Protein chains: 6
Amino acid sequence: MEWATMRRTQFAAAIEADAVVVVPVASIEQHAGHLPIDTDSQTCFEIARRAAQATQEFPVLVLPPVWTGYSPHHMKFPGSITLEFKTFLDVLTQVARSIAHHGFRKILFLNGHGGNTPVVSGLRTKLAEEDGVGAVGINYWDLPGVPEAMRRICPVDGGSVGHAGETETSLQLALRPELVDAANARWIPGASGDARAASAEKGRALLDAIVPALVAYLRSYHDGTLEKTFDWTEKVSR
Amino acid sequence: MEWATMRRTQFAAAIEADAVVVVPVASIEQHAGHLPIDTDSQTCFEIARRAAQATQEFPVLVLPPVWTGYSPHHMKFPGSITLEFKTFLDVLTQVARSIAHHGFRKILFLNGHGGNTPVVSGLRTKLAEEDGVGAVGINYWDLPGVPEAMRRICPVDGGSVGHAGETETSLQLALRPELVDAANARWIPGASGDARAASAEKGRALLDAIVPALVAYLRSYHDGTLEKTFDWTEKVSR
Amino acid sequence: MEWATMRRTQFAAAIEADAVVVVPVASIEQHAGHLPIDTDSQTCFEIARRAAQATQEFPVLVLPPVWTGYSPHHMKFPGSITLEFKTFLDVLTQVARSIAHHGFRKILFLNGHGGNTPVVSGLRTKLAEEDGVGAVGINYWDLPGVPEAMRRICPVDGGSVGHAGETETSLQLALRPELVDAANARWIPGASGDARAASAEKGRALLDAIVPALVAYLRSYHDGTLEKTFDWTEKVSR
Amino acid sequence: MEWATMRRTQFAAAIEADAVVVVPVASIEQHAGHLPIDTDSQTCFEIARRAAQATQEFPVLVLPPVWTGYSPHHMKFPGSITLEFKTFLDVLTQVARSIAHHGFRKILFLNGHGGNTPVVSGLRTKLAEEDGVGAVGINYWDLPGVPEAMRRICPVDGGSVGHAGETETSLQLALRPELVDAANARWIPGASGDARAASAEKGRALLDAIVPALVAYLRSYHDGTLEKTFDWTEKVSR
Amino acid sequence: MEWATMRRTQFAAAIEADAVVVVPVASIEQHAGHLPIDTDSQTCFEIARRAAQATQEFPVLVLPPVWTGYSPHHMKFPGSITLEFKTFLDVLTQVARSIAHHGFRKILFLNGHGGNTPVVSGLRTKLAEEDGVGAVGINYWDLPGVPEAMRRICPVDGGSVGHAGETETSLQLALRPELVDAANARWIPGASGDARAASAEKGRALLDAIVPALVAYLRSYHDGTLEKTFDWTEKVSR
Amino acid sequence: MEWATMRRTQFAAAIEADAVVVVPVASIEQHAGHLPIDTDSQTCFEIARRAAQATQEFPVLVLPPVWTGYSPHHMKFPGSITLEFKTFLDVLTQVARSIAHHGFRKILFLNGHGGNTPVVSGLRTKLAEEDGVGAVGINYWDLPGVPEAMRRICPVDGGSVGHAGETETSLQLALRPELVDAANARWIPGASGDARAASAEKGRALLDAIVPALVAYLRSYHDGTLEKTFDWTEKVSR
């Protein structure tokens with residue numbers, strides 16, 4: 001269910017059912033010459049949306065993607081937008097506090113942009129300890145099982161999500177082929193990975209791996225299993 | 001043209017043509033029992049999108065709506081999300097700085113949520129003086145000619161944009177009727193104005209007034225006329 | 001009663017009587033070649049002081065003017081002082097919190113400088129929601145009835161408060177003629193409105209309109225009428 | 001000369017003459033049962049004003065007192081207003097930056113409230129190193145020669161400026177006797193020193209010591225002698 | 001060479017030789033019942049010190065450990081000290097800016113506390129883009145080759161650095177056996193990993209793996225090899 | 001007892017006994033050509049350590065020195081590190097809050113660097129009023145009795161602690177002679193006082209005066225006597 005298009009009368013049931021709220025976090029930033037500027041935002045949101053639909057046992061609500069991400073290293077290429085590090089942290093913190101204010105106890109920041117990783121990976125401890133809010137954060141390419149799938153499906157890039165390379169280009173070819181300028185898909189500054197190796201078929205295979213991985217992750221978060229993996233090793237070392 | 005779906009190769013021409021960049025600023029907040037949570041964001045974005053399409057003489061680029069708005073007074077109703085006042089200011093400032101960084105000289109913050117008004121109305125001076133960035137900010141319901149049109153088309157609410165009342169409900173009935181729970185459209189806490197007076201026809205009439213008003217505003221911004229109205233009266237008193 | 005010259009023993013009765021505390025907010029900034037730098041501060045403070053004296057039914061306490069305002073757009077002319085946007089907000093917030101800390105429940109920020117408007121207009125919601133403090137903010141030239149009076153008394157400037165023009169110059173000619181360099185009253189950069197049309201008589205007529213308007217506003221704030229006008233239309237749209 | 005009542009045309013000569021700008025920094029805070037709330041602000045401002053008038057060789061401009069000081073420890077008594085520590089620092093920093101922006105090279109923060117001392121004493125290094133602004137800060141009771149005079153004139157309080165005690169009460173009896181509730185001048189919580197020992201005569205004697213001490217300090221600042229006393233001992237240890 | 005005990009005359013040669021400056025970043029936080037509070041700080045500093053001594057080709061300067069780390073999740077156990085997330089970021093940023101100010105171009109934040117990881121991992125991009133400072137950050141247990149060594153040497157904890165478990169306890173038994181209360185080394189809340197499996201011998205083996213790994217890392221940083229690994233994959237995905 | 005090398009099990013007794021926690025605050029900054037960069041940190045820490053050992057009636061815990069001090073005025077000489085004014089305040093505030101969180105009620109910031117004085121002298125009021133934390137702050141050279149001892153022992157510098165002069169150099173000659181480059185001890189930019197007059201003997205005499213002065217201060221803090229000296233004179237004037 002998409003949070004944005006719900007009416008205020010529709011939240012009570014979701015809160016009651018201990019819904020998981022997914023906040024896609026991404027960017028508006030250059031993606032070489034062949035991919036649209038909002039590649040990270042749309043990919044991440046679409047993965048979240050499909051996983052939410054595929055999860056039947058409990059409600060999963062998906063917010064609109066936070067497209068105001070952390071991309072200062074992309075600013076030399078036109079179209080990129082970035083917040084400062086601390087403002088980006090403030091935005092995610094205050095979005096989480098708003099969600100928790102309404103009674104939700106489980107927030108999953110699903111990250112779709114590498115530059116956001118440091119902040120997103122720190123959110124669990126920061127929100128729990130400084131804000132009293134329960135949340136977890138993970139890159140979609142780090143979901144359990146996904147790295148292996150990526151290596152298998154996109155061997156040219158060797159399992160790295162890269163940037164506008166084999167993986168991201170394949171995903172966009174599967175999701176929004178009309179926005180991909182395939183003729184321009186090649187190695188150039190500002191990209192990482194080889195877009196020429198991309199295909200819509202690979203993109204569909206990736207989605208077939210990532211979406212179920214997210215569903216499994218949501219389930220483990222909802223039923224408490226995930227918390228147990230955050231034992232003191234994680235709590236203390238992360 | 002939608003900024004989000006452009007590729008990085010497509011910005012140079014727009015910068016060269018002194019494009020106006022429209023940043024829709026809105027909210028994710030409760031809209032009584034009958035309207036979706038993202039009413040302000042979608043209405044504002046759609047108005048901007050239509051005006052951009054209708055402007056042929058120079059490019060108008062429309063960013064995705066900034067849905068992380070200032071709505072603390074809505075937090076007692078579920079679904080509302082809010083930033084703090086200063087973080088909201090930081091976000092708009094840094095989005096503007098990013099846009100200006102690429103060479104754009106004209107940024108229009110088109111506001112669609114009343115709670116954002118104080119910050120948006122202060123952006124012109126703040127960005128010019130503290131950040132060296134050229135921008136203007138206006139509520140869509142304050143565009144020249146629009147207040148009169150609203151009074152004429154939505155007489156029950158008397159020309160006020162209200163909240164989930166005659167005006168906003170009519171606009172959503174015209175734009176996304178499938179998301180309006182008309183059976184619940186009535187006076188209740190958290191609303192302002194009478195949603196029962198709304199109709200899709202009124203919504204279309206409003207759009208027919210607002211979109212051309214925005215086009216005219218964009219033109220006056222692009223050709224320098226608007227700046228002249230910001231004489232010392234405005235510069236000093238606003 | 002002037003807050004500044006009271007002794008600590010004199011506040012209990014005022015708190016008990018649910019006094020309204022007026023905080024004049026203004027600036028130290030250039031006012032063309034003929035008006036003193038503190039025109040906004042003194043005008044605003046004097047209006048507040050007179051209204052306080054004219055209100056007999058309940059106590060009205062007037063703080064010294066906050067002369068550290070927001071005037072970055074005046075910095076190219078000597079004598080202007082400005083805070084940054086966020087610091088200005090912090091100052092007003094913390095002054096309000098201090099007042100409320102002592103038990104006062106009604107704070108009126110009376111603004112006398114156009115550049116402060118965005119922050120002052122946002123204070124009501126910001127203080128109520130983020131700080132739990134009751135306050136309202138209004139420009140003295142926007143008090144009910146005043147715009148009409150200004151148009152009538154100062155027709156050359158057409159009802160605008162301008163800057164160092166017909167209105168402000170008339171007010172200073174009525175309040176502190178010895179500080180006005182009438183020979184220099186003319187259209188120049190850094191001014192708005194036509195100071196040549198000013199007169200002490202007009203200034204007195206303006207005060208005769210503004211002071212009672214403020215008294216009426218104070219009464220409506222004290223007796224709860226004003227709050228009713230902040231219904232959901234205002235609460236949500238402003 | 002009072003900065004506040006100057007016109008913008010009057011600053012060029014002062015800048016040219018390397019004027020010293022005095023910023024009185026004080027408070028609005030309870031002063032026991034017998035002194036007005038703005039005792040620190042008025043005392044400090046009046047000392048600055050008199051010293052400015054007594055200095056003929058070069059212009060001395062006096063700003064209005066910064067009455068938004070640091071007084072959290074007085075908040076348990078009604079009437080006190082305080083900023084937070086960091087906001088108070090921001091205000092003084094931005095006032096200084098504004099003054100320096102116009103070309104003034106010598107700013108003297110004359111402090112009249114003990115609670116402000118830590119921030120004021122740190123301004124010289126902070127402004128020089130972080131903001132590139134030349135300034136010094138001193139308490140009026142620490143001006144060279146003043147401690148000895150205070151011990152001599154106010155022996156009961158032993159040379160301490162105290163709070164609403166012999167010294168401050170004497171100064172107010174000399175400056176504004178009509179605002180002193182002498183019948184209430186006694187030892188009570190929230191005071192320091194013995195107000196019963198105060199007299200207008202002592203107050204006049206204090207002013208006769210403090211004002212010339214400030215004049216001498218201004219001269220040593222203006223002619224460069226003062227800077228030499230800020231040798232490495234001071235530069236490094238303060 | 002230890003930065004702290006150098007004299008100011010000794011830096012010029014190091015700057016000239018393009019020295020690498022290592023900033024150990026750690027914590028003061030509880031380490032179960034058997035390890036001292038500063039375990040992370042001392043371990044990290046000692047590793048850095050030994051690697052600096054072992055690097056002969058170019059100077060490596062080691063700052064004192066930044067013991068004011070990010071440990072809010074340890075605050076329920078006595079002795080732990082923590083900064084807030086944003087202050088911790090500020091401290092590392094300003095330390096880096098100070099180092100770069102003197103002309104050093106290569107700063108390595110060597111992290112010894114898991115809770116610091118999100119901030120440290122984000123420093124490279126943040127410092128490069130927002131501050132213009134060259135730096136890298138890495139956990140000592142993530143240095144190339146070290147994870148494998150840890151798995152081999154400390155099989156009970158399976159290669160995880162844990163917290164006060166097999167790895168950290170072994171390291172402290174090797175470095176400061178007199179501070180380890182071996183009788184209390186066991187599984188308890190606030191620990192991760194099995195301290196009972198620790199030994200000084202394992203600790204020495206760990207140091208024999210980690211110190212050379214850091215030397216190799218320093219060399220690759222100094223000769224430019226490391227930068228090449230931060231290609232667009234890393235630049236964009238991290 | 002050194003806080004850093006304690007185990008978490010060792011704090012309960014200290015808290016129970018109302019221990020005083022000493023936080024040495026100093027710097028990493030140039031100390032002319034003959035003293036090590038960490039002179040202030042080591043001197044201050046060593047004084048605290050010796051005083052803690054000499055205090056038998058109640059526990060005194062000594063944290064590691066906060067070496068991230070405020071030294072912007074030293075940045076022109078290599079090796080100096082500085083925080084910004086507000087970050088330095090944040091660090092000390094958060095360290096104090098962490099200590100108080102565990103139940104300690106008495107924190108003594110012992111300052112060893114003149115540039116830190118403004119912040120440290122403001123901590124008592126700031127922490128008490130804004131953070132609810134009990135603390136005092138003092139420079140080691142301002143401890144009761146120490147100024148007289150310094151004048152007697154180091155007559156060349158006239159009782160000033162200076163910077164890298166007679167006093168500091170003597171202290172380092174007593175504490176760490178191997179790090180002093182006596183051949184370079186002379187008047188030069190960046191120093192204050194005459195290092196040529198220094199001797200290890202003087203340093204030992206200084207320690208013999210300072211350490212007992214600190215012990216006495218700790219005792220008066222622990223038994224409540226010190227608080228009584230912070231009567232309203234101090235509370236209001238400092």
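Everything below is about the structure printed above this text.
### Some details on the relation of the copies chain E and chain F
Here chain E sits on chain F after a turn of 180° about the axis and a move of 0.0 Å along it, with an RMSD of 0.0 Å. Accordingly, the operation relating the two chain copies is best matched by a two-fold axis. No C-alpha of chain E approaches the rotation axis more nearly than that of Thr-87 of chain E, which lies at 3.4 Å. A share of 100% of interface residues in chain E that are also interface residues in chain F marks the association as one of identical surfaces.

### Points about the pairing of strand β4 (residues 135-139) of chain E
All names here are of chain E. Within β4, four of the five residues are buried, leaving the element largely enclosed by the surrounding structure. Bridge count for strand β3 (residues 106-111) against β4 is five bridges, and the pairing is parallel. Paired with Ile-107 across the strands is Ala-135, a residue of β4. Viewed along the sheet, the connection from β3 through helix α4 (residues 117-131) into β4 turns out right-handed.

### A word on the relation of the copies chain A and chain B
Expressed as a screw transformation, the operator carrying chain A onto chain B has a rotation angle of 180° and an axial translation of 0.0 Å, and the superposed copies differ by an RMSD of 0.0 Å. Comparing interface residues between copies, 100% of those in chain A also sit at the interface in chain B, which points to an isologous, same-surface contact.

### Quick word on the packing of aromatic side chains
Applying the stated criterion across every chain, the model contains 28 aromatic pairs over all chains. Ring centres of Phe-11 of chain C and Phe-104 of chain C lie 6.5 Å apart, and the angle between their planes is 80°; on these two criteria the pair is classed as edge-to-face. Of the two residues, Phe-11 of chain C is situated in helix α1 (residues 11-16) and Phe-104 of chain C in the loop between α3 (85-101) and β3 (106-111); the sequence distance between them amounts to 93 residues. Assigned by exposure class, Phe-11 of chain C and Phe-104 of chain C land together as buried. Consider the rings of Trp-3 of chain D and Phe-11 of chain D, whose centres lie 4.8 Å apart with planes at 65°: the pair is edge-to-face.

### Describing the packing of helix α3 (residues 85-101) of chain F against helix α4 (residues 117-131) of chain F
All names here are of chain F. For the pair α3 and α4, the least separation of the axes is 11 Å and the interaxial angle reads 55°. Taken together, the axis directions place α3 and α4 in an arrangement best described as oblique. By crossing handedness, the relation of α3 to α4 is classed as right-handed. Across from Phe-85, Phe-88, Leu-89, Leu-92, Thr-93, Ala-96 and Arg-97 in α3, the residues of α4 making contact are Val-119, Val-120, Leu-123, Lys-126, Leu-127 and Asp-131. A class-by-class count of the residues in the contact of α3 with α4 yields nine nonpolar, one polar and three charged.

### A short note on the environment of Gly-132 of chain F
On the secondary structure map, Gly-132 of chain F appears in the loop between α4 and β4 (135-139). Sequence separation between Gly-132 of chain F and Ala-100 of chain F is 32 residues; the distance between their C-alpha atoms is 9.0 Å.

### Observations regarding the interface of chain E and chain F
Opposite the 49 residues of chain E that make contact, chain F presents 49 residues. Taken over both partners, the interface formed by chain E and chain F buries close to 3,900 Å², and the fraction arising from carbon and sulfur atoms is 62%. On the chain E side of the interface with chain F, the three residues burying the most area are Arg-7, Arg-8 and Trp-67 of chain E, jointly 21% of the side's total. On the surface where chain E and chain F come into contact, there are zero salt bridges. When residues of the side of chain E that touches chain F are assigned to their parent elements, the largest contribution, eight residues, is made by helix α3 (residues 85-101) of chain E. Split into classes, the residues belonging to the side of chain E that touches chain F amount to 26 nonpolar, 15 polar and eight charged.

### As for the interface of chain A and chain B
Contacts between the two partners involve 49 residues from chain A and, on the opposite side, 49 residues from chain B. Of the roughly 3,900 Å² buried at the junction of chain A and chain B (both faces included), carbon and sulfur atoms supply 62%. Broken down residue by residue, the surface that chain A buries against chain B is led by Arg-7, Arg-8 and Trp-67 of chain A, which jointly contribute 21%. Linking chain A with chain B are zero salt bridges. Seen at the junction of chain A and chain B, the total is 28 residue pairs in polar contact (both at pLDDT 80 or more). The greatest single-element share of the side of chain A that touches chain B, amounting to eight residues, is contributed by helix α3 (residues 85-101) of chain A. For the side of chain A that touches chain B, the class distribution of residues is 26 nonpolar, 15 polar and eight charged.

Cut-offs and rules
Residues numbered from 1 in each chain as written. Chains lettered and ligands numbered in written order. Predicted model: local features only at pLDDT ≥ 70, side-chain atom pairs only at ≥ 80, totals over all residues. Heavy atoms only, no water. Least-squares fit on C-alpha atoms with pLDDT ≥ 70 in both. Contact = heavy atoms within 4.5 Å. Buried < 20%, exposed > 50% of the residue type's maximum accessible area, 1.4 Å probe, protein only. Helix = DSSP H or I, 4+ residues; strand = E, 2+ residues; numbered from the N terminus. Pairing = 2+ DSSP bridges. Right-handed = clockwise from strand over helix to strand, strands pointing away. Phe/Tyr/Trp six-rings, centres within 6.5 Å; stacked < 30°, edge-to-face > 60°. Axes fitted to C-alpha atoms, helices over the stretch in contact; angles between N-to-C directions. Parallel < 35°, antiparallel > 145°, perpendicular 65-115°, else oblique. Left-handed = near helix turned anticlockwise from the far one by under 90°. Nonpolar A, V, L, I, M, F, W, Y, C, P; charged D, E, K, R; others polar. Buried area = accessible area lost by both parts, 1.4 Å probe. Salt bridge = Lys/Arg side-chain N within 4 Å of Asp/Glu carboxyl O. Polar contact = N/O pair within 3.5 Å; in protein donor to acceptor, adjacent residues only side chain to side chain.

Any functional reading would require information beyond the geometric quantities listed.
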